[in-house]
Amino acid sequence: MSNRLIIGMDGGGTKTRVMVKERPDGETLFDQNFGMSNYNNIGVEGLRPVFREIYQALFSCFQEQLQDAILVLGSAGVDRPKDVEIYLTALKESGFTCQLEVVNDAEIALVGGNGDRKDALMIAGTGSIVVGIDSKGKIVRSGGWGGLISDEGSGFQIGRHAIAAVMQEYDKVIAPTSFTEKLLAHFQLTSPEEFIDLLYLEDKLPVDKVASCTPIILEAWAKGDEAARTIVEAELEKLVRLVVGISRQMGSEKFRLSVAGSLLTKSTDYFGTLKGKLRVVLPQVEISTPLYDPVFGAIIIGARLQVNTN
């Protein structure tokens with residue numbers, strides 16, 4: 001008797017990647033990208049059209065096999081039972097009748113990054129979070145509570161502080177920065193006063209928009225701009241403290257720390273400086289690039305569920 005299908009879904013703010021296998025080391029039967037499926041971006045009603053399209057694509061390939069499949073969805077913002085229920089309901093209303101499991105996208109990234117449900121993972125991109133597995137096998141987290149109170153070391157926080165520095169320069173509080181004109185051009189503004197419209201006139205926090213200016217600040221930091229140095233160095237220290245926090249929760253100072261997110265995978269200066277700072281406080285932590293993609297982490301979780309339910 002053949003194994004059940006395992007459907008891994010990585011539901012992000014820009015796209016949803018769907019992969020299907022019968023076992024982690026088996027042939028990839030399906031691997032395709034669909035629209036975004038983070039309800040914080042598209043609303044609860046926006047989930048159903050995306051999941052319905054995914055269901056129809058999978059049904060056309062696998063027909064009745066789909067009914068007995070195991071589906072594991074990892075999505076950003078799945079922090080509370082009510083978040084899980086929102087996704088479960090949307091999946092069921094879109095046609096899925098198979099076994100369903102919904103987790104935070106950091107969990108599938110951790111499992112994919114380390115090849116199993118072990119060690120720890122740091123994500124630093126638009127937002128940030130550090131997650132790990134403690135001695136009892138429970139997932140623990142540090143950070144990732146959103147831009148207003150958390151997301152330390154993220155693109156949003158770097159961008160937010162950079163805009164604040166531009167306003168401080170405008171008010172003659174600090175010396176001129178090298179990135180003020182570049183930020184104004186990036187956001188297509190003619191005066192710092194126009195940041196008010198950019199930041200405060202929307203119904204929700206413009207996280208992606210603010211984070212989009214991060215490359216400008218990282219470039220200024222690399223060139224020695226004092227304001228950029230203050231911002232970036234402070235955010236790096238906050239990231240280090242998140243790892244210290246996860247180390248305490250895991251009860252260990254020796255573990256593999258897989259990294260993900262554009263700030264750590266695309267900026268060698270940011271990643272390199274972070275590694276140096278972490279080496280001072282947690283010298284036994286092994287900082288590594290991910291072994292596998294998050295969607296493959298969902299497949300690994302699905303395979304474990306398959307073993308437990310057979």
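Scroll up a little and you will see the structure.
The rules behind these values
Residues numbered from 1 in each chain as written. Predicted model: local features only at pLDDT ≥ 70, side-chain atom pairs only at ≥ 80, totals over all residues. Heavy atoms only, no water. Salt bridge = Lys/Arg side-chain N within 4 Å of Asp/Glu carboxyl O. Helix = DSSP H or I, 4+ residues; strand = E, 2+ residues; numbered from the N terminus. Buried < 20%, exposed > 50% of the residue type's maximum accessible area, 1.4 Å probe, protein only. Pairing = 2+ DSSP bridges. Axes fitted to C-alpha atoms, helices over the stretch in contact; angles between N-to-C directions. Contact = heavy atoms within 4.5 Å.

What about the pattern of salt bridges?
Then, number 1: Enumeration according to the criterion identifies 14 salt bridges in this entry.
Then, number 2: A salt bridge links E45 to R48; the shortest N-O distance between them is 3.3 Å. Placement of both E45 and R48 in helix α2 (residues 44-62) is noted, with a separation of 3 residues, approximately one turn of the helix.
Then, number 3: The partner of K238 in a salt bridge is E235, and the shortest N-O contact between them spans 2.9 Å. Within this pair, K238 and its partner E235 are both found in helix α10 (residues 226-250), separated by 3 residues, close to a single helical turn.
Then, number 4: Overall, the relative accessible area of 25% leaves K238 in the partly exposed class.
Then, number 5: When salt bridges with common partners are traced through the structure, they connect R17, D31 and D293 into a single cluster.

What about unusual backbone geometry?
Then, number 1: A positive phi angle is found at D119, which is not glycine, with a value near 65 degrees.
Then, number 2: Topologically, D119 is positioned in the loop between α4 (105-114) and β6 (120-124).
Then, number 3: One non-glycine residue, D151, adopts positive backbone phi at about 55 degrees.

Thoughts on the sheet that holds strand β2 (residues 16-21)
Then, number 1: Strand order in the open sheet made by the 5 strands is β3-β2-β1-β4-β5, with mixed pairing throughout. Looking at the sheet topology across the chains shown, the edges are occupied by β3 (30-34) and β5 (99-104). With direction set aside, neighbouring strand axes in the sheet form an average angle of 15 degrees.
Then, number 2: One ladder, built from 6 bridges, connects strand β1 (residues 6-11) with strand β4 (residues 70-75); its direction is parallel. Across the sheet, the residue bridging to G8 is V72, located in β4.
Then, number 3: Running at roughly 155 degrees to β3, α2 makes contact with β1, β2, β3 and β4 of the sheet.
Then, number 4: Sheet strands touched by helix α3 (residues 81-93): β4 and β5. Its angle to β5, the strand with the most contacts, is close to 145 degrees.

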